[in-house]
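This is what each chain is made of:
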Amino acid sequence: MEISLERKFEDKIAEDLKIEPQDWMPDEYRKTLIRQISQHAHSEVVGMLPEANWLTRAPSLKRKIALLAKVQDEGGHGLYLYSAAETLGVSRDKMIEDLHSGKAKYSSIFNYPSLTWADMGAIGWLVDGAAIMNQVALCRTSYGPYARAMVRICKEESFHQRQGYQIMLTLSNGSSEQKEMAQDALNRWWWPALMMFGPKDSDSPHSEQSTRWRIKRLSNDELRQKFVDATVPQALFLGLTVPDKDLKWDEKTNTYQFGDINWDEFWTVVKGDGPCNKDRIQTRIKAYQDGEWVREAAMAYADKQQDRSSKMVG
Ligand code: 3HC
């Protein structure tokens, strides 16, 4: 008896096998993957901006080189992810257009300003730390190209997180002004980092289906909790104070209980009214327009190569 395409898909998911681009998949599975992967890619590319702001002001050549490498890595992560999304049939131009028009989202965290050099430490430590928590789980996502892109990205993210934490360690062990700068950065980036994991599970419209399809392997709240439990001891080692008066260790659950997240702030930023939303999109649109000549030259070269090889074959 011929089993349906739907059943074949469901069986592959149940057996934890990867769904590949050439496999049949439900339209909704394809749609939510395009949504998530393209927004992940947008987050990587927009995420280059807060750090790029400090490239010319890094305190030493060593710090500048590490930050430059990180920012370049993020651009590469964006390209892997745009390519993974393209395997689902969406064009690069459409994804970029959706970002520029405001139709597509990117991670809320990148709409906060990077005010001091210590922010480079807090971003690497907290933002990349949170991204790693989420992305390690995504290495097991059911869509093949996405899972494979994550493996490479996670390797590079761990360098990002380490270089950020190293900056915080230097500042925390430095002068009182440096320690204050590190504490100020932790105060400003802690809660927005917790918001990166998305709304509470009970307020997440996509989680149930994404979990059923094994796109999501751990829930928003589970990943957030893992991040808090891993990061609070790191803050204590730095001699810094996590800006949460309700934070306390729970012997029974072996986890940290933490205070309420300001969900009004989260949705305000997600909806486009954060401190830097408009500036980030304007900067992306200008960079895209300024890069037109590069894309044209690359396409012209590719066409010329194509002509040459078809003449040789002809
Ligand atoms: N910022 C902006 N929008 C967010 C958000 C956030 N932090 N968290 C959730 N949202 C949006 C969702 O996109 C969704 O809106 P949509 O339907 O228009 O797409 C809505 O809020 C409801 O959220 P859900 O939890 O139901 O949505 P998901 O199931 O998609 O879960 C997610 C949200 C956990 C972010 C998931 O999409 C995901 O795991 N994405 C991949 C990882 C990712 O994008 N990380 C962003 C950071 S990348 C990064 O930090 C780069 C690093 O190198 C620094």
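Refer to the structure presented above.
Predicted model, so just to flag it, every value in this text is computed and none were measured. (Residues numbered from 1 in each chain as written. Predicted model: local features only at pLDDT ≥ 70, side-chain atom pairs only at ≥ 80, totals over all residues. Heavy atoms only, no water.)

## Comments concerning the side chain of arginine 224
Thinking step 1. With respect to the element layout, arginine 224 can be found in helix H10 (residues 220-238).
Thinking step 2. Assessed through its relative accessible area of 2%, arginine 224 is described here as buried.
Thinking step 3. A distance of 2.8 Å separates a polar side-chain atom of arginine 224 from the backbone oxygen of glycine 198.
Thinking step 4. At a separation of 2.9 Å, a polar atom in the side chain of arginine 224 contacts the side chain of aspartate 221.
Thinking step 5. Every residue in contact with arginine 224, bar those within four places of it in the chain, is listed here: Leu194, Met195, Phe197, Gly198, Pro199, Lys200, Phe258, Ile261 and Trp263. (Helix = DSSP H or I, 4+ residues; strand = E, 2+ residues; numbered from the N terminus. Buried < 20%, exposed > 50% of the residue type's maximum accessible area, 1.4 Å probe, protein only. Polar contact = N/O pair within 3.5 Å; in protein donor to acceptor, adjacent residues only side chain to side chain. Contact = heavy atoms within 4.5 Å.)

## Some remarks on the pattern of salt bridges
Thinking step 1. Using the criterion set out here, one finds 23 salt bridges in the structure.
Thinking step 2. A salt bridge links arginine 217 to aspartate 16, with the shortest nitrogen-to-oxygen separation between them at 3.1 Å. Of this pair, arginine 217 sits in the loop between helix H9 (207-212) and H10 while aspartate 16 sits in the loop between helix H1 (5-14) and helix H2 (27-46), placing them 201 residues apart in sequence.
Thinking step 3. In this structure, the salt-bridge partner of lysine 70 is glutamate 74, at a minimum N-O distance of 2.7 Å. In this pair, lysine 70 and glutamate 74 both sit in helix H4 (residues 61-86), four residues apart, roughly one turn of the helix. For the pair shown, lysine 70 and glutamate 74 are each scored as buried.
Thinking step 4. In this structure, a network of salt bridges that share partners links the residues Glu51, Lys70, Glu74 and Asp128. (Salt bridge = Lys/Arg side-chain N within 4 Å of Asp/Glu carboxyl O.)

## Looking at the nonpolar core
Thinking step 1. The biggest cluster of nonpolar side chains holds 51 residues, and the ones touching the most others in it are Trp125, Leu126, Trp189, Trp190 and Phe227.
Thinking step 2. Of all the secondary-structure elements, those providing two or more residues to this core are helix H6 (118-138), helix H7 (144-172), helix H8 (176-195), H10, helix H11 (263-273) and helix H12 (277-290).
Thinking step 3. It is H6 that provides the largest number of residues to this core, a total of 10 residues.
Thinking step 4. Beyond its immediate stretch of four places on either side in the chain, leucine 126 contacts Leu186, Trp189, Trp190, Ala193, Phe227 and Thr231.
Thinking step 5. Residues Ile13, Tyr82, Leu88 and Ile215 belong to the second largest nonpolar core, which totals 25 residues. (Core = buried A, V, L, I, M, F, W, Y, C linked by side-chain atoms within 4.5 Å.)

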